[in-house]
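Below are the chains, spelled out letter by letter.
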Number of protein chains: 4
Amino acid sequence: MPKEFPTVSPQGFHPFGELIGLEFTAIGEGRSRCELQVRDELFNPHGVLHGGVVYSMADTGMGGALYSLLEEKELCTTVEIKIAYFAAVKEGKLACDTRVIERRSRIAILESEVTGGDRLVAKALGTFYIYETR
Amino acid sequence: MPKEFPTVSPQGFHPFGELIGLEFTAIGEGRSRCELQVRDELFNPHGVLHGGVVYSMADTGMGGALYSLLEEKELCTTVEIKIAYFAAVKEGKLACDTRVIERRSRIAILESEVTGGDRLVAKALGTFYIYETR
Amino acid sequence: MPKEFPTVSPQGFHPFGELIGLEFTAIGEGRSRCELQVRDELFNPHGVLHGGVVYSMADTGMGGALYSLLEEKELCTTVEIKIAYFAAVKEGKLACDTRVIERRSRIAILESEVTGGDRLVAKALGTFYIYETR
Amino acid sequence: MPKEFPTVSPQGFHPFGELIGLEFTAIGEGRSRCELQVRDELFNPHGVLHGGVVYSMADTGMGGALYSLLEEKELCTTVEIKIAYFAAVKEGKLACDTRVIERRSRIAILESEVTGGDRLVAKALGTFYIYETR
């Protein structure tokens, strides 16, 4: 049985997620969706959304998607992620849809697409490591 | 003559940099160093620094390093970045050292290393696009 | 009008493609498909298909897909590619399906999926640079 | 004790390495160097060395560098590699220098630089998975 992702728990113990306004709207079966409202305080010096915010959606979304496949004693951590950007974002709401492409015992490969309205904003391909807590 | 990077200007118009506490301590000749003090509000659900914060240091640091090579009318934007993580971070100060590996007319390839004390925390390899403002 | 990709021309001037047995079976409208028959001489020391062969399918397939969108005077070159592997391959025929995700004036982002039968073997996400010949 | 890399054994059972003319000239302590003589049959349709050949140097070089750190029962496999290109190559000899940046129990991160003379041709950053044979 997939366990509940800590980020969406009522206790809300994801400080950075709260800082940037990231919210999961769906997690389960190796997939996740998280959303974020674009705000001025997330802008870079060019006056558009900082790429690190978009990246954070993908990284967090990957953690959530993979988390839904883990056993009770397992945790996961990001090994590496590549993200490519397609559009600058100035306003609106972004959604990040993530899926686990491949799950092996200790490794998973995941893919995220960040969209704003109908526009593809970024795409990410990442590797996570799965380990057991003691 | 390299132009001053807007992030370090006294006007301070890098909202996301301010939100996470990112500061440039050196920029010039295709290189940059930026630093960040680890704080609890930058943590992920596992109680360590969110990977998106480390990524944001690399992305911003690359922009700063490349900016030092641009002409007055040129601007740059992130095409893609890959980042690999080597260590979880719970406290202290991180430094991100970036250098332009290759500069062509419209493209640059950059590399960042994020360290905490003597420990290599992450390494990033990215592509930027250079364009002219009208 | 998209121009014909040199690789599939009757003159056959793609030496490395010939060396590894790579063939385009479709090119057009920002997409391509190329195929390759697995042979022992393409194996690595572990007795499975070398990852460099799978990568070469993606790299070449990206060139073909993008080529179909170029103007007569334009050429393209690989800036960077990330490839992730999902399965070792020992026999059979591989197909690499590629599509241009984003085309800007000087930059394109492309994605390739390599499959063997029903199995996803690898996925690649890459950046190409577009320039004009003089 | 690091074990000898199979590729450099006198039996020479690396078929793809032989096909493209790849040779290890040094392996040990988490590092490797391999070399390759540029030949016309390794060219792409543009008349320069195919990027897949340069990639294959990095992928193989990473395997060799990591192999030098493995125990007798361990093997490794490529999870993903990103490679960025800096220069087209038409002739001469290329060298690929690789080092293990980080070795954990099941994961390693490696970096390769491919050079031709004094020119940096490509740089790669990759992830390998380490497993035990039964």
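Residues numbered from 1 in each chain as written. Chains lettered and ligands numbered in written order. Predicted model: local features only at pLDDT ≥ 70, side-chain atom pairs only at ≥ 80, totals over all residues. Heavy atoms only, no water.

Draft legend 1. Up close: the interface of chain D and chain A. If you look at the interface, chain D gives 8 residues, while chain A gives 8 residues. Of the roughly 740 Å² buried between chain D and chain A on both sides combined, carbon and sulfur atoms contribute 67%. On the chain D side of the contact with chain A, Val79(D), Ile107(D) and Tyr129(D) bury the most area, a combined 47% of that side's loss. Elements supplying a minimum of two residues to the side of chain D that touches chain A: β3 (74-85), β5 (107-116) and β6 (119-132) of chain D. For the side of chain D that touches chain A, a count of residues per class yields 4 nonpolar, 2 polar and 2 charged. (Contact = heavy atoms within 4.5 Å. Buried area = accessible area lost by both parts, 1.4 Å probe. Helix = DSSP H or I, 4+ residues; strand = E, 2+ residues; numbered from the N terminus. Nonpolar A, V, L, I, M, F, W, Y, C, P; charged D, E, K, R; others polar.)

Draft legend 2. Broad picture of the relation of the copies chain A and chain B. In the superposition of chain A on chain B (RMSD 0.0 Å, axial shift 0.0 Å), the rotation amounts to 180°. What the superposition gives is, in effect, a two-fold axis relating one chain to the other. Closest approach to the rotation axis among the C-alpha atoms of chain A is made by Lys82(A), whose C-alpha sits 2.0 Å away. Counting the interface residues of chain A, we find that 100% of their copies in chain B are interface residues as well, pointing to one common contact surface. (Least-squares fit on C-alpha atoms with pLDDT ≥ 70 in both.)

Draft legend 3. Geometry of helix α2 (residues 51-67) of chain B. Helix length check: α2(B) (17 residues) gives 24 Å between terminal C-alpha atoms against 24 Å at 1.5 Å per residue, within 8%. Counted residue by residue, α2(B) has 17 buried out of 17 residues, so it is predominantly covered. (Expected span 1.5 Å × (residues − 1). Buried < 20%, exposed > 50% of the residue type's maximum accessible area, 1.4 Å probe, protein only.)

Draft legend 4. Seen up close, the sheet that holds strand β1 (residues 22-28) of chain C. Pairing within the open sheet is antiparallel, and its 12 strands lie in the order β1(C)-β2(C)-β4(C)-β5(C)-β6(C)-β3(C)-β3(D)-β6(D)-β5(D)-β4(D)-β2(D)-β1(D). Among the strands making up the open sheet, the edge pair consists of β1 of chain C together with β1 (22-28) of chain D. In this sheet, adjacent strand axes meet at a mean angle of 20° when their direction is disregarded. In the packing of helix α2 (residues 51-67) of chain C onto the sheet, contacts are made with β1, β2 (31-37), β3 (74-85), β4 (93-103), β5 (107-116) and β6 (119-132) of chain C together with β3 of chain D, and the angle to β3(C) comes to roughly 145°. Lying over the sheet, helix α2 (residues 51-67) of chain D contacts β3 of chain C together with β1, β2 (31-37), β3, β4 (93-103), β5 and β6 of chain D, oriented at roughly 145° with respect to β3(D). (Pairing = 2+ DSSP bridges. Axes fitted to C-alpha atoms, helices over the stretch in contact; angles between N-to-C directions.)

Draft legend 5. Geometry of unusual backbone geometry. Located in the positive-phi region is Glu29(B), a residue other than glycine, with phi close to 55°. Tracing the chain through its elements places Glu29(B) in the loop between β1 (22-28) and β2 (31-37).

Draft legend 6. Examining the packing of α2(C) against α2(D) more closely. It is at 9 Å that the axes of α2(C) and α2(D) come closest, and there the two elements cross at 150°. By crossing handedness, the relation of α2(C) to α2(D) is classed as right-handed. In this structure, α2(C) uses Gly51(C), Gly52(C), Tyr55(C), Ser56(C) and Asp59(C) to contact α2(D), whose residues at the interface are Gly51(D), Gly52(D), Tyr55(D), Ser56(D) and Asp59(D). When its residues are assigned to classes, the contact of α2(C) with α2(D) shows 2 nonpolar, 6 polar and 2 charged. (Left-handed = near helix turned anticlockwise from the far one by under 90°.)

Draft legend 7. Highlighting the pattern of salt bridges. Enumeration according to the criterion identifies 48 salt bridges over all chains in this entry. The salt bridge involving Glu111(B) is made with Lys123(D); its shortest N-O contact spans 2.4 Å. Here Glu111(B) is found in strand β5 (residues 107-116), whereas its partner Lys123(D) is found in strand β6 on a different chain. The residues Glu111(B) and Lys123(D) share a single accessibility class, namely buried. Linking Glu41(C) and Arg39(C) is a salt bridge whose minimum nitrogen-to-oxygen distance equals 2.5 Å. (Salt bridge = Lys/Arg side-chain N within 4 Å of Asp/Glu carboxyl O.)

Draft legend 8. The confidence of the model for chain A, seen in detail. In this model, chain A carries an average pLDDT of 92, and 91% of its residues clear a pLDDT of 70 or more. Counting interchain partners and residues more than four positions distant, the pLDDT-below-50 stretch residues 7-11 of chain A has 5 contacts. (pLDDT = per-residue confidence, 0-100.)

Draft legend 9. Quick look at the side chain of Glu80(A). Structurally, the position occupied by Glu80(A) is in strand β3 (residues 74-85). Overall, the relative accessible area of 0% leaves Glu80(A) in the buried class. In terms of polar contacts, Glu80(A) uses its side chain to reach the side chain of Thr127(A), at 2.5 Å. A polar contact of 2.8 Å, which involves the side chain of Glu80(A), links it to the side chain of Lys82(C). If we skip the residues at most four places from it in the chain, Glu80(A) touches Leu125(A), Gly126(A), Thr127(A), Lys82(B), Ile83(B), Ala84(B), Lys82(C), Glu80(D) and Thr127(D). (Polar contact = N/O pair within 3.5 Å; in protein donor to acceptor, adjacent residues only side chain to side chain.)

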